[in-house]
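Coordinate inspection notes
These are the residues of each chain, in order.
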Amino acid sequence: MKIAVCVSGGGTNLQAIIDKINSGEIHDTEIGVVISNNANAYALERAKNAGIEAVCVSPKDFPTREDFNDAFLRKLNTYNVDLVVLAGFLVVIPKEMIRQYRNRIINIHPSLIPSFCGTGYYGLKVHEGVLSRGVKVTGATCHFVDEGTDTGPIILQKAVEVKEGDTPEILQRRVMEEAEWIIMPQAIDLIARGKVSVESGHVHIRE
Ligand code: GAR
């Protein structure tokens, strides 16, 4: 299976995917391209260091959002990937891309959906929301992307304990280490091995 990984920032989820392809924990998968909307994303360095093609398509370089959306989709389509992986990608996915890649785009979200998700909940804001509500358990969710924000079929979730004295940064790191870097590679491997299907908006995973 050939995948594209879309990134905006540090790229620790990208790194987890690269490492688990190299270790064989993710089977039959190659990263065809890493696409960033941000030319300064450290994720682009990680891709280059791993010898993976890395490109930037930024909304800033286009006069309108439609122009960006068209260019982004055209760029993606040149790589003929089977799966698009959103690994900390903070751009709203164009409707036409969702239509062309139905159930072939997955996202990692740093909470247990449907808690602390949707518009405005991304990155550290998710963990700030968790701490200000005082919940004792949070986690991460890997899901297929549909037209809504964090509303698509859920593939895998993993819970993580909130601890006394947590800051958003400390909690973010624990959620990454204990959940995100585990379930995102797992979901890719399951999809690569043909174990995942979507029926009536629900994901089924075969043994
Ligand atoms: C991750 O925590 C990811 O779950 C989150 O952004 C971070 C990116 O980190 N994604 C979202 O909030 C999407 N709504 P990374 O660049 O180090 O992988």
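Whatever comes next refers back to the structure up there.
Structural notes, computed from the coordinates. Just so you know, these numbers come straight off a predicted model, no measurement behind them. (Residues numbered from 1 in each chain as written. Predicted model: local features only at pLDDT ≥ 70, side-chain atom pairs only at ≥ 80, totals over all residues. Heavy atoms only, no water.)

Taken together, 14 residues lie near the ligand, and G11, T12, N13, G123 and E180 sit nearest. Here G10 contributes a backbone N or O atom positioned 3.4 Å from an oxygen atom of the ligand. A distance of 2.9 Å separates an oxygen atom of the ligand from a polar atom in the side chain of N13. When the ligand is considered free in solution it has 450 Å² of accessible area, and contact with the protein chains removes 91% of it. Sorting the residues of the shell around the ligand by element identifies α1 (12-22), β5 (105-109) and α6 (168-192) as the ones contributing at least two each. (Near = heavy atom within 4 Å. Polar contact = N/O pair within 3.5 Å; in protein donor to acceptor, adjacent residues only side chain to side chain. Areas by Shrake-Rupley, 256 points an atom, 1.4 Å probe, with all protein chains shown as cover. Helix = DSSP H or I, 4+ residues; strand = E, 2+ residues; numbered from the N terminus.)

Attention shifts here to the sheet that holds strand β1 (residues 2-7). The strand order across the open sheet formed by seven strands is β3-β2-β1-β4-β5-β6-β7, and the pairing between neighbours is mixed. Two strands in the sheet have a free side with no partner beyond their single neighbour: β3 (54-56) and β7 (154-161). Across the sheet, the mean angle separating the axes of adjacent strands is 20° when strand polarity is ignored. Pairing between strand β6 (residues 137-144) and β7: seven bridges, direction antiparallel. When the bridges of β7 are listed, V137 appears paired with E161. Along the sheet face, α1 touches β1, β2 (30-36), β4 (83-86) and β5 and points at about 170° away from the line of β2. Those strands touched by helix α2 (residues 42-49) are β1, β2 and β3, and its axis lies near 155° from that of β3. (Pairing = 2+ DSSP bridges. Axes fitted to C-alpha atoms, helices over the stretch in contact; angles between N-to-C directions. Contact = heavy atoms within 4.5 Å.)

For the rest of this paragraph, the subject is the packing of aromatic side chains. Two measures describe an aromatic ring pair: the distance that separates the ring centres and the angle between the ring planes. Scanning all chains against the criterion turns up four aromatic pairs. Considering the side-chain rings of F72 and F89, the 5.6 Å spacing of their centres and the 45° angle between planes classify their relative orientation as tilted. Of the two residues, F72 sits in helix α3 (residues 65-77) while F89 sits in the loop between β4 and α4 (95-100), which places them 17 residues apart along the sequence. Taken together, the ring pairs in this structure connect F62, F68, F72 and F89 into an aromatic cluster. (Phe/Tyr/Trp six-rings, centres within 6.5 Å; stacked < 30°, edge-to-face > 60°.)

Of the consecutive residues I113 and P114, the connecting peptide bond is found in the cis state with omega at 15°. Among the structural elements, P114 can be located in the loop between β5 and α5 (124-133). Phi at N80 takes a positive value of approximately 50°, unusual for a residue other than glycine. Take N80: it is sitting in the loop between α3 and β4. Assessed through its relative accessible area of 60%, N80 is described here as exposed. Unlike most non-glycine residues, D150 shows phi in positive territory, near 65°. Positionally, D150 belongs in the loop between β6 and β7. A relative accessible area of 12% places D150 in the buried class. (Buried < 20%, exposed > 50% of the residue type's maximum accessible area, 1.4 Å probe, protein only.)

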